[in-house]
Amino acid sequence: MKMTDKELARKLFGVNSEKLKRSLFICLVVFWGLHIADLRVRIAPPFLYLATGAFTAGVMWQALSAEDHAAEMKNRFMLPFSDRKFVVSYVGALGVYTLFTKTVLLLAVLLAVSVQRPAAIAGSILCAINGVLTPAAVFSRKNHRYVGGPLALACAAAILFLGNHSWFFLLPAAGSAISAALLLRADGYSFYQEEREHRHVVKRHVRHSVFRYFLRYMNSHKNYMTNTLILWGVACVLPFLFREMDGISFVLVGFAILSLNTPVCILLSSDPALRQAVRFLPGQGRAFCAPYCLFIFFSNLAADLIFLGSLEIQNGGVTAPMIAAACLFALTGAVCSVLLEWFCPIRNAPIENDLWHHPRKYVVPAILLLLAGSIEFFAFFQIL
């Protein structure tokens, strides 16, 4: 068991924990850079708690659901082990990975641009710890995972309505204690995810279709579809969050935000066998990349049009230039995403979760933000 624990730690953090050290160093640089830039944003404690708790819980759930754990855990279960020791070591390793490589970066950004009391910082840490233990406890109950959704909504409501009370810290502390007690009684086999064989019963087609492959791939990866639906939900809410902003500028910023559909943009990085096949066969670069670009374009455009539809319903004022800008931003984001996947694919990611949170995901939104700034710049000079 100790050998398998070391192997998991090496996979997550590197042989000498170099990935953990690099992550903490990056967090320090980000915090110090934002702090000396004197950027200040008012962040209420409930939002700080919700952001750290929800983000940590999402990352932890993705880590627990990663497909690449299946083969390794099958080898582990061939040896005798203690359920309690296995659960503690496995959840502990993933929890440390989540907190010290993902959550700490979010906290570095939030604390650098806002002034928070020590009590609020302690509350956010408690929510982050609860965001590790509660998803693990729910995941360990294979037959009762459906309670995860209602439980998440209840936790979010409790944070928003009770986050300003002085006794709020008792809630995440009690939740963490209950989750820890459930984990100590959990079965080690409950964390095993069967390897997907991706077998589909399909009818024969005369001609091949890369689009058909994309649809089957998305259908077999339900979390990719879930991420897309969440992004569409964000598209509906964005006009409400930006209701105090006028003009086309916030619309362009919204298009840039909605380009963050990470799973759709890492199909080659997440499937090394597909990447090798596409590069090996002659003529596959054009045959694959063109449909892939159209697939991302339609995915981006759907989110942008939902955003414009929500804007029209809530505030009105959607114009033809905004629709044209949606097409331009969707196409630009698709082309940039495909170029990144073709020339700079993500390699050697320890687990699938690292693909979702790789810093490369922010390259395309940054390019679109620069494009938005350029459009605003030229529009300003035309007015003059």
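Notes on the structure in this doc start here. (Residues numbered from 1 in each chain as written. Predicted model: local features only at pLDDT ≥ 70, side-chain atom pairs only at ≥ 80, totals over all residues. Heavy atoms only, no water.)

### Considerations on the overall build of the protein
Alright, step 1. Within the protein, the regular secondary structure consists of 17 helices and zero strands.
Alright, step 2. If you take every contact in the protein between residues at least 6 apart in sequence, the share linking residues at least 24 apart comes to 85%. (Helix = DSSP H or I, 4+ residues; strand = E, 2+ residues; numbered from the N terminus. Contact = heavy atoms within 4.5 Å.)

### Observations regarding the packing of helix H3 (residues 45–65) against helix H7 (residues 148–162)
Alright, step 1. Contact geometry of H3 with H7 gives a least axis separation of 8 Å together with a crossing angle of 160°. Viewed along their axes, H3 and H7 adopt a mutual orientation that is roughly antiparallel. When you trace H3 past H7, the crossing you get is right-handed. Only Ala156, Ile159 and Leu160 of H7 make contact with H3, whose side of the interface consists of Pro46, Tyr49 and Leu50. (Axes fitted to C-alpha atoms, helices over the stretch in contact; angles between N-to-C directions. Parallel < 35°, antiparallel > 145°, perpendicular 65-115°, else oblique. Left-handed = near helix turned anticlockwise from the far one by under 90°.)

### Thoughts on the packing of aromatic side chains
Alright, step 1. For the coordinates displayed, the defined rule picks out 10 aromatic pairs.
Alright, step 2. Measuring from centroid to centroid gives 5.5 Å for Phe86 and Tyr90, while their planes differ by 10°, and the two rings are stacked. Placement of the pair is Phe86 and Tyr90 together in helix H5 (residues 83–112), with a separation of four residues, close to one helical turn.
Alright, step 3. Look at Phe86 and you get buried, because its relative accessible area is 1%.
Alright, step 4. For Tyr90, a relative accessible area of 1% puts it in the buried group.
Alright, step 5. Following the ring pairs from residue to residue traces out a cluster consisting of Phe214, Phe288, Tyr292 and Phe295. (Phe/Tyr/Trp six-rings, centres within 6.5 Å; stacked < 30°, edge-to-face > 60°. Buried < 20%, exposed > 50% of the residue type's maximum accessible area, 1.4 Å probe, protein only.)

### Things to note about the environment of Leu308
Alright, step 1. Among the secondary structure elements, Leu308 is positioned in helix H14 (residues 284–314).
Alright, step 2. For Leu308, a relative accessible area of 3% corresponds to the buried category.
Alright, step 3. Residues Leu308 and Ile323 lie 15 residues apart in sequence; the distance between their C-alpha atoms is 7.9 Å.
Alright, step 4. Ignoring anything within four residues of it in the chain, the contact list for Leu308 reads Val251, Phe255, Val318, Met322, Ile323 and Ala326.

### Structural notes on the packing of helix H2 (residues 18–36) against H5
Alright, step 1. Closest axis-to-axis distance for the H2/H5 pair is 8 Å, and the angle between their directions is 10°. The orientation of H2 with respect to H5, classified from their angle, is roughly parallel. Where H2 approaches H5, its residues Leu20, Ser23, Leu24, Cys27, Val30, Phe31, Leu34 and His35 are matched on the opposing element by Phe100, Thr101, Val104, Leu105, Ala108, Val109, Leu111 and Ala112.
Alright, step 2. In terms of residue class, the contact of H2 with H5 is built from 13 nonpolar, three polar and no charged. (Nonpolar A, V, L, I, M, F, W, Y, C, P; charged D, E, K, R; others polar.)

### A look at the environment of Asp187
Alright, step 1. Looking at the secondary structure, you find Asp187 in the loop between helix H8 (170–184) and helix H9 (210–220).
Alright, step 2. In this structure the C-alpha to C-alpha distance between Asp187 and Ser82, which are 105 residues apart in sequence, comes to 9.4 Å.

### Section: the side chain of Arg275
Alright, step 1. On the secondary structure map, Arg275 appears in helix H13 (residues 272–280).
Alright, step 2. Notably, Arg275 is buried but unbridged: the nearest opposite-charge side chain belongs to Glu341, and the N-O separation is 6.5 Å.
Alright, step 3. Among all residues touching Arg275, those that are not within four sequence positions of it are Leu268, Ser269, Pro345, Ile346 and Arg347. (Lys, Arg positive; Asp, Glu negative; His and termini not counted. Salt bridge = Lys/Arg side-chain N within 4 Å of Asp/Glu carboxyl O.)

### Points about the nonpolar core
Most often, soluble globular proteins have nonpolar side chains that are buried together.
Alright, step 1. Of all hydrophobic cores here, the largest spans 49 residues; its most connected members are Val251, Phe255, Phe288, Phe307 and Leu308.
Alright, step 2. Counting residues per element, this core draws most heavily on H14, at 12 residues.
Alright, step 3. With 22 residues, the next largest nonpolar core counts Met60, Val87, Tyr90 and Ala186 among its residues. (Core = buried A, V, L, I, M, F, W, Y, C linked by side-chain atoms within 4.5 Å.)

### A closer look at a nonpolar patch on the surface
Alright, step 1. The grouping of Phe25, Ile26, Val29, Leu105 and Val109 at the surface amounts to a nonpolar patch, some 410 Å² of accessible area in total.
Alright, step 2. It is H2 that provides the largest number of residues to the nonpolar patch, a total of three residues.
Alright, step 3. Summarising the element assignment, Val109 is placed in helix H5.
Alright, step 4. Note on Val109: relative accessible area 31%, which makes it partly exposed. (Patch = residues over 30% accessible without salt bridge, like charges linked within 9 Å, V, L, I, M, F, W, Y side chains within 5 Å. Areas by Shrake-Rupley, 256 points an atom, 1.4 Å probe, with all protein chains shown as cover.)

### Remarks on H3
Alright, step 1. With 21 residues, H3 should reach 30 Å at 1.5 Å per residue; the first-to-last C-alpha distance of 30 Å fits that figure.
Alright, step 2. All of the buried residues along H3 are Pro45, Pro46, Leu48, Tyr49, Ala51, Thr52, Gly53, Thr56, Val59, Met60, Ala63 and Leu64. (Expected span 1.5 Å × (residues − 1).)

### Remarks on the side chain of Ser310
Alright, step 1. Within the element layout of this structure, Ser310 appears in helix H14.
Alright, step 2. A relative accessible area of 9% places Ser310 in the buried class.
Alright, step 3. Here the side chain of Ser310 touches Gln314 through a polar contact of 2.8 Å, side chain to side chain.
Alright, step 4. Beyond its immediate chain neighbours, meaning those up to four positions away, Ser310 contacts Ala235, Cys236 and Pro239. (Polar contact = N/O pair within 3.5 Å; in protein donor to acceptor, adjacent residues only side chain to side chain.)

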